[in-house]
Amino acid sequence: MSVKIDTRPIWVLLGLKALRPLFFVTLAASFLYILGMTTPEGLTPEGQKAIAVFAVCLVLWVTNVIPLAITSILAIVLVPFLGVLSTRETYALFGNEAVFFILGAFILAGAVMGSGLSTRIALYMLSRFGSSPKKLVLAIFLLSAALSFFMSEHAVAAMLFPIVLEISKSLGIRPGRSNYGKLLFLALAWGCVIGGIATFLGGARVPLAVGILNEMTGQTIGFLDYAVAVFPLVVILLILGFIILMRSFPMDIQGVEGAAEALGKKLKALGKVRYTEYAVGVVMLATVLAWMFLGRRLGLSSIALTSVVFLFVLKLVRWKDIEEYVNWGIILMYGGAIILGSSLHKSGAAEWMVNGMVGSWATSPWSVILVFSLLALFLTEGMSNAAVIAVLLPASIAIADKLALDPALVTFAIAVPAGLAFMFPMSTPANALAASSNYISMRDMMRAGVIVNVLAWVLFNLVAAFWWPLIGMGY
């Protein structure tokens, strides 16, 4: 066994060892300093404490020094400990409908993946429509988007990644050098990102945003209302995104016969469609229809959990199999974000921060939409989209109240752009998976991604200005 000796100077090693403790000591000192400051005019003592907790969580979410879920647990502990909200009120917020909707969506997506139905659909669509190099890229792009309408975009990326990797290997393209390899993996990532904003099911950020909106104002957004509001943005982004993709990386292969053969073998190995796949497909279809037409009356989370019960009654899934698909860390994180957002709002801290930070820019309804959509788009490239929503939404709802703007509109202005991250691997798991293939570099991702990011912001605001008034969402 070989032993590797670290030859760096001792003072460098000691300095590196001291960085982490120094970081936490500095953070704790900053937290205590904010708590000990004279309370500024217009801010309540509870608001000052809420801002101190918010500042600590913001630093931890951005730096990711500890897991995101642990930062949320810290918020859950500090909010009642400092007296911002009572203990009973704090923990009751964790029972928010959004948290249980996310839990139900995880289990439903796990059932679809565990049954093999999603893999069969993916293989069939790719082998059926990917007959030429351009059609294969388009098939991956549209399939990633379409599946992300109904499942978490993260799950879709994880499910399709090995299939795209096998296609790349079967074509003999070289990682990092082939434009076609870059096209395949960016088509996967961008398809997931764009499809992920289409419905509540593409990720947990929209249910989180609706949960915070509901806690702060009592308002909610329906499953179908949301899908109708963002539909034109999704369609236009898919069209322009594919054009940008093809122009950014001109194809350098002539045929995809090797990929068709590999996909055909995989599909054949699955055999005939089984009862479990049919039954899970029916339950999923019935759930989506219920969300669309009965969501407002019955509640999205109640429908999701009812479907979960049916899965177990029909013996379509087993708990030990489904556990691996439930991301408890995300559920903890979102519960903590709702508590933090609610504490900022109820203590008056959100309104105070907005007046001081963006009050001079966001002076009219349209400027509020412009400013907050830009902030959400910018921040989501460097931090979790849930953290972006937890940071921006309470403040934006406060300013919406001030301008008599419907809070649901600013919820859209943050929740939708927070899902549109195209530039960096750390922005979203779909980008991270694409980059991990080694077929695409960060430079490639940034070069094409910055164009789509700017385009997405412009398109979002055009949709808000011209489409929303047509469906009764004018501002």
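Calculation notes
- Residues numbered from 1 in each chain as written.
- Predicted model: local features only at pLDDT ≥ 70, side-chain atom pairs only at ≥ 80, totals over all residues.
- Heavy atoms only, no water.
- Phe/Tyr/Trp six-rings, centres within 6.5 Å; stacked < 30°, edge-to-face > 60°.
- Helix = DSSP H or I, 4+ residues; strand = E, 2+ residues; numbered from the N terminus.
- Buried < 20%, exposed > 50% of the residue type's maximum accessible area, 1.4 Å probe, protein only.
- Polar contact = N/O pair within 3.5 Å; in protein donor to acceptor, adjacent residues only side chain to side chain.
- Contact = heavy atoms within 4.5 Å.
- pLDDT = per-residue confidence, 0-100.
- Patch = residues over 30% accessible without salt bridge, like charges linked within 9 Å, V, L, I, M, F, W, Y side chains within 5 Å.
- Areas by Shrake-Rupley, 256 points an atom, 1.4 Å probe, with all protein chains shown as cover.
- Salt bridge = Lys/Arg side-chain N within 4 Å of Asp/Glu carboxyl O.

All right, on to the packing of aromatic side chains then. Here the structure, examined in full by the defined rule, presents 12 aromatic pairs. Aromatic pair Trp 190 and Phe 422: ring centres 5.8 Å apart, planes at 85°, arrangement edge-to-face. With Trp 190 in helix H9 (residues 179-196) and Phe 422 in the loop between helix H20 (407-415) and helix H21 (429-436), this residue pair connects regions lying 232 residues apart in the sequence. There is no split in this pair, since Trp 190 and Phe 422 are both buried. Clustering of aromatic rings is evident, with ring pairs tying together Phe 200, Phe 223, Tyr 226, Phe 412, Phe 460 and Trp 468.

On to unusual backbone geometry. The backbone phi angle of Lys 315 is positive, close to 55°, even though this residue is not glycine. Although it is not a glycine, Asn 438 sits at a positive phi angle of roughly 70°. Mapped onto the fold, Asn 438 is located in the loop between H21 and helix H22 (442-467). Judged by relative accessible area, which is 56%, Asn 438 ranks as exposed.

All right, on to the side chain of Ser 178 then. Of note, Ser 178 is situated in the loop between helix H8 (153-170) and H9. At 3.5 Å, the side chain of Ser 178 and the side chain of Asp 252 are in polar contact. Contact partners of Ser 178, with chain neighbours within four places excluded, come to Ile 173 and Asp 252.

With 95% of its residues at a pLDDT of at least 70, the protein chain reaches an overall mean of 84. Element-level mean pLDDT values for the protein chain span from 73 in helix H17 (residues 349-357) up to 94 in helix H11 (residues 223-248).

All right, on to a nonpolar patch on the surface then. A cluster of nonpolar residues, Ile 70, Ile 73, Val 77, Phe 81, Tyr 91 and Leu 332, forms a patch on the protein surface that exposes about 560 Å² of accessible area. Considering each element in turn, the nonpolar patch owes the most residues, four residues, to helix H3 (residues 68-81). Topologically, Val 77 is positioned in helix H3. By relative accessible area, which is 43% here, Val 77 ends up partly exposed.

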